[in-house]
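# Survey of secondary and tertiary structure
Okay, here's what each chain looks like letter by letter:
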Amino acid sequence: LKQKNNSDGDYIFLLIPEDIGVRANGGRSGAASNSSLFYQAISTIQVNEFIPAEKFGWSEVIVADLQELSQKYLYPKDKNELRYLVEQVDERVFEVITNLIKNGKTPLVLGGGHNNAYPLLKALSTVNKEKIHALNLDPHPDCRNLEGRHSGNPFSYAKENGFLKNYAVLGMHENRLNEESLKKFSNNPYWQYLPFESWAYRGTSTFLKSLEIALKHVCQTSVFGLEICADGIKNCPSSAATQHGWSWEDVFNVAYQSGQTGRCDYIHLAEVALPLIDPLMQMSVAKSSVASLMAFVEGYENPNF
């Protein structure tokens, strides 16, 4: 990767080292400090017959100045200032992602807050010149009110501004969302959720059946973006971590099958916050994070549609 120029390759590793959007939503900081460990985890990937190493490249979104500026602001006292900074992060992410997709690249994005889903979806829609779809593996639908940009409302902003059509939330926790967010799914055939409780204990569905339904929903009429939030990965450090959710193996399954559809144009793993766990475990989580991107690439390389 060091020998390649910025954006050379087909699959582009892209890190967004910020937690401004998380903090603008009242979440815990930490997602801005993953980069060095993520890069180390990427560098441990072996070059062998299983990995199309020549197809990988890298790029970057430079937000260090905004991240540094944000340190003087505290939530909730300075939430408006933080949300203004998120808008500036949006602009920078949008520019980089637009250039990548326009040039036929497939972004492999490691965050950063889930606020970055908005500029990712906006870029995908802009390049395709149509409304696009999103699959979100997440306990939260992240479609809160249009109250200023933060990690809790990227999908409501994408819908409001005409970029997002079909939206499926896989694994939504029914006790983790507010009533206003739930209303956005009522009487809206383009938005659906597959609740975690349906397979966790009610037995009315299974994880794989729910994934199948979600993929069918977002594979219609247009391309889609794959969003994965670390909040739902059991014992994964994040801004709103949980011990009940899904395993890394489940994440790999979603990534792989999304890649296989031939209609998924990027993968975005958001909200991993490595500084929030024991240093001895940080590299392990970083490697699992990168492995989810590799599962997506393997699916992309072996389509089944």
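Look a little higher up for the structure.
First things first, this report covers the structure right here in the doc. Computed from a predicted model, the values in this text were never measured in an experiment.

### Points about the overall build of the chain
Looking only at helices and strands, the chain features 11 helices and eight strands. Taking 305 residues into account, the globule formula puts the C-alpha radius of gyration at 19 Å, and the chain, at 18 Å, falls close to it. With respect to the three principal axes, the spread of C-alpha positions in the chain is 50 × 50 × 45 Å. Across the chain, contacts joining residues at least 24 apart in sequence account for 78% of those joining residues at least 6 apart. In the chain, 28 side chains carry a positive charge and 34 a negative one; their mean positions are 4 Å apart.

### What to know about the side chain of N153
Among the secondary structure elements, N153 is positioned in the loop between β4 (132-137) and α6 (154-160). Within the structure, N153 has its side chain in polar contact with the backbone nitrogen of H150 (distance 3.2 Å). In this structure, N153 is in contact with D142, C143, R144, N145, E147 and G148, ignoring residues within four places of it in sequence.

### Comments concerning unusual backbone geometry
The omega angle of the peptide bond from Y75 to P76 is 5 degrees, so this bond is cis rather than trans. Position of P76 relative to the elements: it lies in the loop between α3 (64-70) and α4 (79-102). The backbone of D142 sits at a positive phi, close to 50 degrees, despite the residue not being glycine. Note that D142 resides in the loop between β4 and α6. With a phi angle near 65 degrees, N235 is a residue other than glycine that sits in the positive phi range. By the element assignment, N235 lies in the loop between β7 (224-229) and α10 (248-260). On the basis of relative accessible area, N235 is assigned to the exposed category, the value being 54%.

### Regarding the nonpolar core
Ranked by internal contacts, the top residues of the largest apolar core, which has 47 residues, are L108, L135, L170 and L226. Looking at which element gives the most residues to this core, the answer is helix α11 (residues 279-301), with nine residues. What L135 contacts, discounting residues up to four positions off in sequence, is A168, L170, L211, A214, L215, V218, F224, G225, L226, E227, V254 and S258. With 41 residues, the next largest nonpolar core counts V86, V89, Y118 and L164 among its residues.

### Quick notes on the pattern of salt bridges
When charged atoms on two side chains of opposite charge get close, those side chains can pair. Per the counting criterion, the structure on display carries nine salt bridges. Among the ionic pairs, R92 bridges to D65, the shortest N-O distance being 2.7 Å. Here the residue R92 occupies a position in helix α4, and D65 occupies one in helix α3, the gap between them amounting to 27 residues. Overall, the relative accessible area of 26% leaves R92 in the partly exposed class. Residue class for D65 comes out partly exposed when judged on its relative accessible area of 40%. Of the charged contacts, one joins D90 and R149 as a salt bridge, the two residues approaching to 2.8 Å between their closest N and O atoms.

What counts as what
- Residues numbered from 1 in each chain as written.
- Predicted model: local features only at pLDDT ≥ 70, side-chain atom pairs only at ≥ 80, totals over all residues.
- Heavy atoms only, no water.
- Helix = DSSP H or I, 4+ residues; strand = E, 2+ residues; numbered from the N terminus.
- Rg over C-alpha atoms; globule rule 2.2 N^0.38 Å.
- Contact = heavy atoms within 4.5 Å.
- Lys, Arg positive; Asp, Glu negative; His and termini not counted.
- Charge placed at Lys NZ, Arg CZ, Asp CG, Glu CD.
- Polar contact = N/O pair within 3.5 Å; in protein donor to acceptor, adjacent residues only side chain to side chain.
- Buried < 20%, exposed > 50% of the residue type's maximum accessible area, 1.4 Å probe, protein only.
- Core = buried A, V, L, I, M, F, W, Y, C linked by side-chain atoms within 4.5 Å.
- Salt bridge = Lys/Arg side-chain N within 4 Å of Asp/Glu carboxyl O.

Take it as geometry only, folks, not as evidence of what the structure does.
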